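Report on the structure
The lines below spell out each chain.
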Amino acid sequence: MRRGRRSRTGAADVSSAVPAASPSLGFDRAVDGFLRHITVERGLAANTVTAYRRDLVRYREWLAGAGIAAPGDVTESDVGLFAQWLRTPEGGTLSAASVARILSSVRALHRYLAEEGAVEADVTREVRPPKLGMRLPKAISIEQMERLLQAPSSDDPVGIRDRALLEMLYATGARVSELVGLDVDDVDGGDIIRVTGKGSKQRLVPVGRYAREALDTYLVRVRPEFSTRGRATPALFLGIRGQRLTRQGAWLVIQAAARKADLEAHVSPHTFRHSFATHLLQGGADVRVVQDLLGHSSVATTQIYTHVSADSLIDMYQTAHPRAR
């Protein structure tokens, strides 16, 4: 028996609207068409498409459990109830940020269906995600970053590769997925590398002397040896068996370096990206330059780092000015 379905005139108990049936073919086709659209026409990355699929599977299962058989049957109220259900124990007690992300996927689906004429209107147009508190990115200090970069051994092939990986993460501000996705040809242009980001958009990013030297050492002394252990691949960073280094492999490199530098509690792959942006702004870089380097489509995304720099200015002011306290 389906639970949680309410009549079109009355509301149901959201917490009881647990998915209890498989989704209809109509929703299967709608979701499949949308995923093809964002893959082929918008060129979104495979990881992004996977995230959309995961969110929409959850959504269509909830709708099926509520007795809603087709996209055209969904109302604005249904979407609101789904969002509320995500905050209940049955829905996973998700955070506001997680609910906002899932609703973003749901809104993208309904907007696509409306634009394609598959439904009369976008019922999510007036649905607003939960408000999120501003979360400042967590960067580490320059001194801590120095310790982290020095952590890998320079006496063995794995350590040389790891040093190059960490130096490149900090020098470019690239996402870890972007870095492990690099091919040798992408870094063959001297002090500029070509990074492929979200939506297959490419950007050119400078590489400083330390990172370039570490990378050249890896390319000359280590990569040729690693590449003979596996099938030929254009990948820049290789595992010890000659395959492209994975995101998980890069994460393990970062964690090992963090432990050696006594920074384990502070460091994740995105720490390098946050620190890259924060240190540039603290050094006087223009926010729009940092935006281009990070590959942000909007400067508003980059401006969150200016709050971090402002905090540093306040600390310095309060320490140095005789009448600040």
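For every chain, the first residue of its written sequence is number 1, and the numbers climb from 1 along that sequence. Totals for whole chains, interfaces and linings use all residues, but because this is a predicted model, local features are given only for residues with pLDDT of at least 70 and pairs of side-chain atoms are given and counted only at 80 or more. Here the side-chain values reflect all heavy atoms present in the structure, with hydrogen atoms and water set aside.

**Concerning the packing of aromatic side chains**
Planes of paired rings set the category: under 30 degrees apart is stacked, over 60 is edge-to-face and the rest tilted, where pairs are Phe, Tyr or Trp rings (Trp by its six-membered ring) whose centres lie within 6.5 Å. Taken as a whole and judged by the stated rule, the model has 7 aromatic pairs. Considering the side-chain rings of Tyr218 and Phe237, the 5.4 Å spacing of their centres and the 25 degrees angle between planes classify their relative orientation as stacked. With Tyr218 in helix 8 (residues 209-221) and Phe237 in the loop between helix 9 (223-227) and helix 10 (247-260), this residue pair connects regions lying 19 residues apart in the sequence. For the pair formed by Tyr218 and Phe237, the shared burial category is buried. Three or more aromatic residues joined by ring pairs make a cluster, and in this case those are Phe27, Tyr59, Trp62, Phe82 and Trp85. Remark: a charge is flagged as sitting over a ring if the NZ atom of Lys or the CZ atom of Arg is within 6 Å of the ring centre and within 35 degrees of the ring normal. Of note, Arg209 hangs over the ring of Tyr210, and the distance from its end group to the ring centre comes to 4.6 Å. Helix and strand definitions follow DSSP, with helices as H or I runs of at least four residues and strands as E runs of at least two, each counted in order from the N terminus. A 1.4 Å probe rolled over the protein chains alone gives each residue an accessible area, and that area as a share of the maximum for its type sets the label: buried under 20%, exposed over 50%, partly exposed in between.

**Things to note about the nonpolar core**
One finds Leu148, Met168, Leu179, Ile193, Tyr218, Phe237 and Phe272 to be the most contacted residues of the largest nonpolar core, which totals 50 residues. Breaking this core down by element, the ones donating at least two residues are helix 5 (142-150), helix 6 (157-172), helix 7 (176-180), strand 1 (192-196), helix 8, helix 10, helix 11 (269-282) and helix 12 (287-294). For this core, the element with the most residues is helix 6, which contributes 6 residues. The contact criterion used is simple: two residues touch if any of their non-hydrogen atoms lie within 4.5 Å. Excluding anything up to four places from it in sequence, Leu148 contacts Ile140, Leu166, Ala257, Ala258, Ala261, Leu263, Val267 and Phe272. Throughout this description, the term nonpolar core refers to a set of buried Ala, Val, Leu, Ile, Met, Phe, Trp, Tyr and Cys residues connected via side-chain atoms within 4.5 Å. Residues Phe27, Val74, Leu86 and Val106 belong to the second largest nonpolar core, which totals 33 residues.

**With respect to the confidence of the model for the chain**
Taken over all residues, the pLDDT of the chain has a mean of 83, while the share at 70 or more is 82%. Residue-level confidence of the predictor is summarised by pLDDT, bounded by 0 at the bottom and 100 at the top. Of the regions scoring below 50 in pLDDT, residues 1-25 engages in 50 contacts with residues more than four places distant in sequence or in other chains.

**Regarding the environment of Ser200**
Structurally, Ser200 can be placed in the loop between strand 1 and strand 2 (202-206). Judged by relative accessible area, Ser200 falls into the partly exposed class, the value being 48%. Sequence-wise, Ser200 and Arg42 are 158 residues apart; in three dimensions their C-alpha atoms are separated by 8.9 Å. Within the structure, Ser200 has its side chain in polar contact with the backbone oxygen of Gly43 (distance 3.3 Å). We define a polar contact as two N or O atoms separated by no more than 3.5 Å, with the added condition that, inside protein, one atom must be a possible hydrogen donor and the other a possible acceptor, whereas residues neighbouring each other in sequence contribute only through side-chain atom pairs.

**Considering the pairing of strand 2**
Burial along strand 2 is one-sided: Arg203 and Val205 are buried, while Gln202, Leu204 and Pro206, pointing the other way, are not. Two strands pair when backbone bridges link them, and strand 1 and strand 2 are joined in this way by 5 bridges, in the antiparallel orientation. Bridging across to strand 2, Val195 finds its partner in Arg203. Pairing between strands requires that DSSP locate at least two bridges from one strand to the other. Linking two consecutive strands that pair antiparallel, namely strand 1 and strand 2, is a turn of 5 residues; a positive phi of about 70 degrees is found at Gly199 within it.

**Digging into the layout of surface pockets**
In this structure, the second largest pocket occupies an estimated 240 Å³ of space. Lining of the second largest pocket is provided by Glu167, Tyr170, Ala171, Pro206, Val207, Gly208, Tyr210, Ala211, Phe276, His279, Leu280 and Leu293. Secondary structure elements with two or more residues in the lining of the second largest pocket: helix 6, helix 8 and helix 11. Taken together, the residues that form the lining of the second largest pocket break down as 9 nonpolar, 2 polar and 1 charged. Only protein atoms enter the 1 Å grid, on which a cavity is a set of points fitting a 1.4 Å probe that cannot get out and a pocket is an open set with protein on both sides within 12 Å along at least 5 of 7 lines, lining residues being those with an atom within 4 Å of a point. Grid points are joined across faces, edges and corners, and a volume is the space filled by probe spheres set on the points. When residues are grouped by polarity, Ala, Val, Leu, Ile, Met, Phe, Trp, Tyr, Cys and Pro land in nonpolar, Asp, Glu, Lys and Arg in charged, and all others, Gly among them, in polar.

**What about the pattern of salt bridges?**
By definition, a salt bridge exists where a carboxyl oxygen of Asp or Glu is found within 4 Å of a side-chain nitrogen of Lys or Arg. Counted under the stated rule, the structure contains 12 salt bridges. The salt bridge involving Asp183 is made with Arg244; its shortest N-O contact spans 2.6 Å. Within this pair, whereas Asp183 is found in the loop between helix 7 and strand 1, its partner Arg244 is found in the loop between helix 9 and helix 10, the two being separated by 61 residues in sequence. Judged by its relative accessible area of 21%, Asp183 falls in the partly exposed class. Here Arg194 and Asp186 are joined by a salt bridge, their closest N and O atoms 3.0 Å apart. Within this structure, Arg175, Glu178 and Arg203 form a network of salt bridges that share partners.

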